[in-house]
Amino acid sequence: MFGLAELEAAHEIVGRAVPVTPAHAWPLLAERLGTEVVVKHENHTPTGGFKVRGGLIYLDRLIKAEPQTTGLISATTGNHGQSIAFAGRRHGVPVTIYVPYGNSVEKNRAMRAFGATLVEHGNDFQTAREEAYRQAAVAGLHVVRAFHPHLVLGVATYALELFRQADDLDILYVPIGQGSGISGCITVRDLLGIKTEIVGVQSTLAPSYALSFVAGRVVNTNSSNTRADGMATRNPDAEALDIILKGASRIVQVSDEEIAAAIRALWTDTHNLAEGAGAAPLAAALQEKDRIRGKRVGLVLSGGNIDFDLFRSWVMAESAVAEKIAV
């Protein structure tokens, strides 16, 4: 998909807007997992998520190739839309973003704050995406899809940072939404000649990539009702799946209850707030605690954009139930 020199150049472009994010070894997390652990903090970017990197490279490439571009349109549940809005503002290009009804209120506010025109449509990401594509043809706007080689190149810059910050990881857990993050990690690992095992993570309520991985082909699902909206994907991208099939060892499925517990653990052990997708890697590592004992483990905390109301109704409510059962 790209070479090391191209990746280095992309990292320089991203670095003009996104400082290198930290990779911390947290002692309390190590105690919890019973092994060494390093967290890559993509929740520390200007948009609170890793996808801002992809938007910056996509817009850089697009404006150079098509300087006559008058506007962009895309669909999202939040972080992808913030990425495109952030990059669009830097280049002076108008951005329209479609989101499903009931989407994160705070992510919607953030996209508007970054300058996007927001349109609500449909009950899930797939429905919003299909409508955005229809409207693109009507309005003559450039469609930014959720998976594209330029997006992967951009987000791969966090993997370059991570593997240079911690080149001795035995295993790396990466959440899967539309597949750009894990595709970037696999590609960078192979470019650097590192042997780190890469494991994808999905929700049990949105397992399209996990099912596709087992089947060896794209398997769509009829729903994606996880509260971890960054992983709420019904239709896997064929190109992303091909990369995952060749480069990942497996895909672990975690429940919303396990994700909520991981969000709480990240807060208590590191004082970092994670959104559902950002906490999913820890949930998977906890599920595989016996399997990873004695290994040096990496976790991608892909974002921290979780609504306060969702945090209260999901994460804290489940904590209260667990405490009541314990008592």
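This text goes with the structure placed above it.
Residues numbered from 1 in each chain as written. Predicted model: local features only at pLDDT ≥ 70, side-chain atom pairs only at ≥ 80, totals over all residues. Heavy atoms only, no water.

Undergrad: Before we move on, could you go through empty space enclosed by the protein and cite the residues and values that matter?
TA: As enumerated under the stated definition, the model contains three cavities of 30 Å³ or more in all. In this model, the largest cavity occupies a volume close to 290 Å³. Residue lining of the largest cavity: 29 residues in total, with Lys 51, Gly 177, Gln 178, Gly 230 and Met 231 positioned closest to the centre. Elements that contribute at least two residues to the lining of the largest cavity include exactly helix H4 (79–91), strand E7 (171–175) and helix H8 (180–192). (1 Å grid on protein atoms, 1.4 Å probe; cavity = no way out; pocket = protein on both sides within 12 Å on 5 of 7 lines; lining within 4 Å. Points joined across faces, edges and corners; volume = space filled by probe spheres on them. Helix = DSSP H or I, 4+ residues; strand = E, 2+ residues; numbered from the N terminus.)

Undergrad: Summarise the packing of H8 against helix H10 (residues 238–247); cite the residues concerned and give the values.
TA: Remark: H8 packs on H10, axes separated minimally by 9 Å, with the N-to-C direction vectors making an angle of 50 degrees. Accordingly, the angle class assigned to the pair H8 and H10 is oblique. Here H8 and H10 pass one another in a crossing that is left-handed. Contact with H8, carried on its side by Ile 182, Ser 183, Ile 186 and Arg 189, involves Ala 240, Ile 243, Ile 244 and Gly 247 of H10 and no other residues of that element. Here the contact of H8 with H10 is built from residues that sort into five nonpolar, two polar and one charged. (Axes fitted to C-alpha atoms, helices over the stretch in contact; angles between N-to-C directions. Parallel < 35°, antiparallel > 145°, perpendicular 65-115°, else oblique. Left-handed = near helix turned anticlockwise from the far one by under 90°. Contact = heavy atoms within 4.5 Å. Nonpolar A, V, L, I, M, F, W, Y, C, P; charged D, E, K, R; others polar.)

Undergrad: Explain the pattern of salt bridges to me, and be specific about the residues and the numbers.
TA: Overall, the coordinates contain 21 salt bridges when judged by the stated rule. Between Asp 256 and Arg 227 there is a salt bridge, with its nearest N and O atoms 3.5 Å apart. One end of the pair, Asp 256, is in helix H11 (residues 256–270); the other, Arg 227, is in the loop between helix H9 (208–215) and H10, and 29 residues separate them in sequence. Here the salt bridges share partners, and the residues they tie into one network are Lys 40, Glu 42, Arg 53 and Glu 161. (Salt bridge = Lys/Arg side-chain N within 4 Å of Asp/Glu carboxyl O.)

Undergrad: Go over the packing of aromatic side chains, please, and point to the residues and values.
TA: On inspection of all chains with the given rule, the structure shows two aromatic pairs. Seen in terms of ring centroids, Phe 50 and Tyr 158 are 5.9 Å apart; in terms of plane orientation they differ by 80 degrees. Their pairing is edge-to-face. Highlighted residues: Phe 50 in the loop between strand E2 (36–41) and helix H3 (52–65) and Tyr 158 in helix H7 (residues 149–165), separated in sequence by 108 residues. The two residues Phe 50 and Tyr 158 agree in class, both being buried. Judged by centre distance (5.6 Å) and plane angle (85 degrees), the ring pair of Phe 86 and Phe 114 falls under edge-to-face. Placement of the pair is Phe 86 in helix H4 and Phe 114 in the loop between helix H5 (105–113) and strand E5 (117–120), with a sequence separation of 28 residues. With a relative accessible area of 18%, Phe 114 lands in the buried category. Seen from the ring of Tyr 133, Arg 145 lies directly overhead, with NZ or CZ sitting 4.4 Å from the centre. (Phe/Tyr/Trp six-rings, centres within 6.5 Å; stacked < 30°, edge-to-face > 60°. Buried < 20%, exposed > 50% of the residue type's maximum accessible area, 1.4 Å probe, protein only. Lys NZ or Arg CZ within 6 Å of the ring centre and 35° of its normal.)

Undergrad: Residues and numbers for the layout of surface pockets, please.
TA: The computed volume of the largest pocket comes to approximately 460 Å³. Gly 102, Asn 103, Ser 104, Thr 226 and Asp 229 are, among the 26 residues lining the largest pocket, the residues nearest its centre. If you list the elements that add at least two residues to the lining of the largest pocket, you get H5 and helix H13 (308–326). Residue classes in the lining of the largest pocket are distributed as eight nonpolar, 10 polar and eight charged.

Undergrad: Tell me about the sheet that holds strand E3 (residues 72–75), residues and numbers included.
TA: Strand order across the open sheet formed by four strands is E5-E4-E3-E6, with parallel pairing between neighbours. With one partner strand each, in any of the chains shown, E5 and strand E6 (142–143) form the two edges of the open sheet. By the bridge criterion, four bridges tie strand E4 (residues 95–99) to E5 in an arrangement that is parallel. Its bridge partner lying in E5, Tyr 98 is registered against Val 119. Contacts from helix H6 (residues 125–139) reach E3, E4 and E6 within the one sheet, and its direction differs from that of E3 by about 160 degrees. (Pairing = 2+ DSSP bridges.)

Undergrad: Tell me about the nonpolar core, and name the residues and values.
TA: Ranked by internal contacts, the top residues of the largest apolar core, which has 61 residues, are Leu 56, Leu 72, Leu 172, Val 174, Ile 182 and Ile 244. A total of 10 residues in this core trace back to one element, the largest contributor, which is H7. Discounting residues that sit within four places of it in the chain, Ile 244 has contacts with Ile 176, Ile 182, Ile 186, Tyr 209, Phe 213 and Ile 251. Counting residues in hydrophobic clusters, the runner-up holds 34 residues, among them Ile 171, Ile 259, Ala 279 and Val 315. (Core = buried A, V, L, I, M, F, W, Y, C linked by side-chain atoms within 4.5 Å.)

Undergrad: Describe in detail the side chain of Lys 107, supporting the description with residues and values.
TA: Tracing the backbone shows Lys 107 in helix H5. Residue Lys 107 is classed as buried on the basis of its relative accessible area, which comes to 2%. Looking at Lys 107, its side chain comes within polar contact range of the side chain of Glu 275, at 3.3 Å. Ignoring sequence-local partners within four residues, the contact set of Lys 107 consists of Thr 77, Gly 78, Asn 79, Gln 82, Asp 229, Glu 275, Asn 305 and Asp 307. (Polar contact = N/O pair within 3.5 Å; in protein donor to acceptor, adjacent residues only side chain to side chain.)

Undergrad: So, H11: which residues are in play, and what are the values?
TA: One full turn of an α-helix is made of 3.6 residues, so residues set three or four places apart face in the same direction. Relative to the 21 Å expected for 15 residues at 1.5 Å per residue, H11 spans 21 Å between its end C-alpha atoms, a close match to the ideal helical length. When we look at burial in H11, the residues that qualify are Asp 256, Ile 259, Ala 260, Ala 262, Ile 263, Arg 264, Ala 265, Leu 266, Asp 269 and Thr 270. Remark: His 271 follows H11 within two positions and exhibits a positive phi of approximately 60 degrees. (Expected span 1.5 Å × (residues − 1).)

Undergrad: An account of the pairing of E7 is requested, with residue identities and associated values reported.
TA: Within E7, five of the five residues are buried, leaving the element largely enclosed by the surrounding structure. Pairing of E7 with strand E8 (residues 197–203), which is carried by five bridges, proceeds in the parallel orientation. When the sheet's bridge partners are listed, Leu 172 is paired in E8 with Ile 198. For the crossover from E7 across H8 to E8, the handedness is right-handed. With three bridges connecting them, E7 and strand E10 (residues 296–301) associate as parallel partners. The partner of Leu 172 across the bridge, within E10, is Gly 298. (Right-handed = clockwise from strand over helix to strand, strands pointing away.)

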